[in-house]
Amino acid sequence: MSLDTHAKLLTLLAMSAENEVVEFKEAKNGYDFTKLGKYFSALCNEANLKHHPSAWLVFGVNDQRQVVGSNFRLARKDLDSLKEEIANKTTNRITFIEIHEVAHAQGRVLLLEIPAAPKGLPVAYDGHYYGRDGEALSPLNLEEIERIRAQSTVEDWSAVVVPNASLVDLDEEALVVARRNFKSKFPDKAAEVDGWDDLTFLNKAKLTIKGRITRTALLLLGREEAEHFLLPAEAKIRWLLKDHLGNDRDYALFGMPLLLAVDKVYAKIRNLKYRYIREGTLFPDEIDQYAPYSIREALNNCIAHQDYTLAGRINVIEREESLSFTNKGSFVPGDVRRVVMEDAPEEHYRNRFLATAMFNLKMVDTAGGGIRKLFLFQRQRFFPMPDYDLSGNRVQLTLTGKVLDMDYARMLASDGALALQDIMALDKVQKRLALTADEEKLLKAKTLIEGRKPNFFIAKSLAQQTGQKARYSKNRAFDKQYYLDLICKAVKEHGSLARKDIDELLWNKLPDWMDERQRKIKVGNLIAELRRHQKIVNQGSDTKPSWALVTNHPV
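Residues numbered from 1 in each chain as written. Predicted model: local features only at pLDDT ≥ 70, side-chain atom pairs only at ≥ 80, totals over all residues. Heavy atoms only, no water.

*Asks:* Even after reading the chapter, I still don't get the pattern of salt bridges, so can you show me in this structure?
*Replies:* Working definition: two side chains of opposite charge can pair if their charged atoms are close together. For the structure on display, the rule yields 25 salt bridges. Among the salt bridges present, the one from lysine 77 reaches aspartate 78, with a minimum N-O distance of 3.4 Å. A salt bridge links lysine 520 to aspartate 503, with the shortest nitrogen-to-oxygen separation between them at 3.8 Å. With lysine 520 in helix α21 (residues 516–532) and aspartate 503 in helix α20 (residues 499–506), the pair connects residues that are 17 residues apart, well separated along the chain. Residue lysine 520 is classed as partly exposed on the basis of its relative accessible area, which comes to 40%. (Salt bridge = Lys/Arg side-chain N within 4 Å of Asp/Glu carboxyl O. Helix = DSSP H or I, 4+ residues; strand = E, 2+ residues; numbered from the N terminus. Buried < 20%, exposed > 50% of the residue type's maximum accessible area, 1.4 Å probe, protein only.)

*Asks:* When you look at the sheet that holds strand β17 (residues 394–400) in this model, what are you seeing that I'm missing?
*Replies:* Within a beta sheet, neighbouring strands are joined by backbone hydrogen bonds and run either parallel or antiparallel to one another. As summarised here, the arrangement of the 6 strands in space is β11-β10-β14-β15-β17-β16, forming an open sheet in which the pairing is mixed. Looking at strand neighbours, the two that pair on one side only are β11 (248–254) and β16 (387–389), the edges of this open sheet. For this sheet, the mean inter-axis angle between neighbouring strands, taken without regard to orientation, is 15°. For strand β10 (residues 237–242) and β11, the ladder comprises 6 bridges, and the chain directions are antiparallel. In the strand pairing of β11, lysine 242 is matched with aspartate 248. Its contacts with the sheet put helix α9 (residues 258–268) on β10, β11 and β14 (314–318), and the angle it makes with β11 is roughly 165°. (Pairing = 2+ DSSP bridges. Axes fitted to C-alpha atoms, helices over the stretch in contact; angles between N-to-C directions. Contact = heavy atoms within 4.5 Å.)

*Asks:* Sorry, what's going on with the environment of arginine 223 here?
*Replies:* The topology assignment puts arginine 223 in the loop between α8 (215–221) and β10. Under the relative-accessibility criterion, arginine 223 is labelled partly exposed at 26%. Once the C-alpha coordinates of arginine 223 and leucine 258 are considered, the two residues, 35 residues apart in sequence, prove to be 9.6 Å apart.

And the structure:
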């Protein structure tokens, strides 16, 4: 605890009242997480509007600014995990700058330091914007939302005119394809388009501005030798093929014009046939690993949303059973699940000019729904849901091109009542990924899962419907007494057992969800319980135990 932090607490306590960027809470023994998230959003947005670099949520102080002490998350690791928990619910994963612990004479105080919302980007918690009316928490009103959005003075990189570029720097084949795509997108203008010269067409398609070549025009239609106009940005897509061991087997690099590069990358991807085990008429004999739409949508999204100021390449990594697409820059909508479930067009684009041009050339769908379609195409195939990794200031989308679990796929095929949000949550159970509190609540309310956090598994009712009875039983542990009796009977039969013998005895009888470490801990706890109740005794050493029954102990 630094002197600066203690001084900051004293400054806050000396305030005459709370304001829009400071909130005091007693939080003596805990605090509701949802309320905390709402206050985070509110204080974040108010700090932006009031031109403060940060805001403060203070635990352990009452409304009269008297220190009363707080027992909120006493363990430091629990405090640190709060950062990730909040990030999982906020726009662009914005979270606390720091959580400071102050040992005050009247008790422990927490100073939760909250950053101001970035210029032009109000911060939401769980999809909703919050603000403050004086000391009261309230939804952020429309005027305030627009005021924050209007702050954005960051120019649209893709709309900048390139002074020395001209029509001769554009690729003739790309221009032909662009015209064809534009006519396909707007068939009512097809006859009119044929009468336009190149500059008129480029203006109408919103690739140029008053006949001047933009970065967008060069990205999509520029000759490869014109890439110097965009430096230090890299207008390149790298395709990389890896084998089952992760070794690089082949690669190719594609540059401008990106309108044509998309087809070249698509031609490189093998997209093999995936063969189902035919059962009645439920599944077809074979199907493409990836829907062609999914490949093109993922790749075009990378082009549209790449942060070209970071001078990185777009990557397409092909493995035997998956495809990964990576572009630089944060995921502007912030929350993939919200985008999928709300199925609405985004209100903010990193490269709005580029996105509009790509829409006009039939490359992307700015009317919304593109990402949702990726999920729906995977669902139709009974394949795992798309995986998004938003870490490291980049977006990585991975499509899996196979059924991970045929019984799980049958469940999706047979139960038409499952909503997409149910399937997305169940998909995480299938992949052994952690569920959010809302997902856990949803699946439990519908009795779709059993088990204890974080080791959930498909519920008994679904297991019986989908042929997973054996798997269900393997996931569900036996009663503890079964394991205790098994150890005692084996010890009696053999006279004594070493730890490795007991491990071997129980290993395959423990639930399938347990990893090696969890199994070792479980066996150790069972041995400790038998020893504590004086049913077995160690006749060996601490390093080489030999467990035997206590004399005359009945089994």
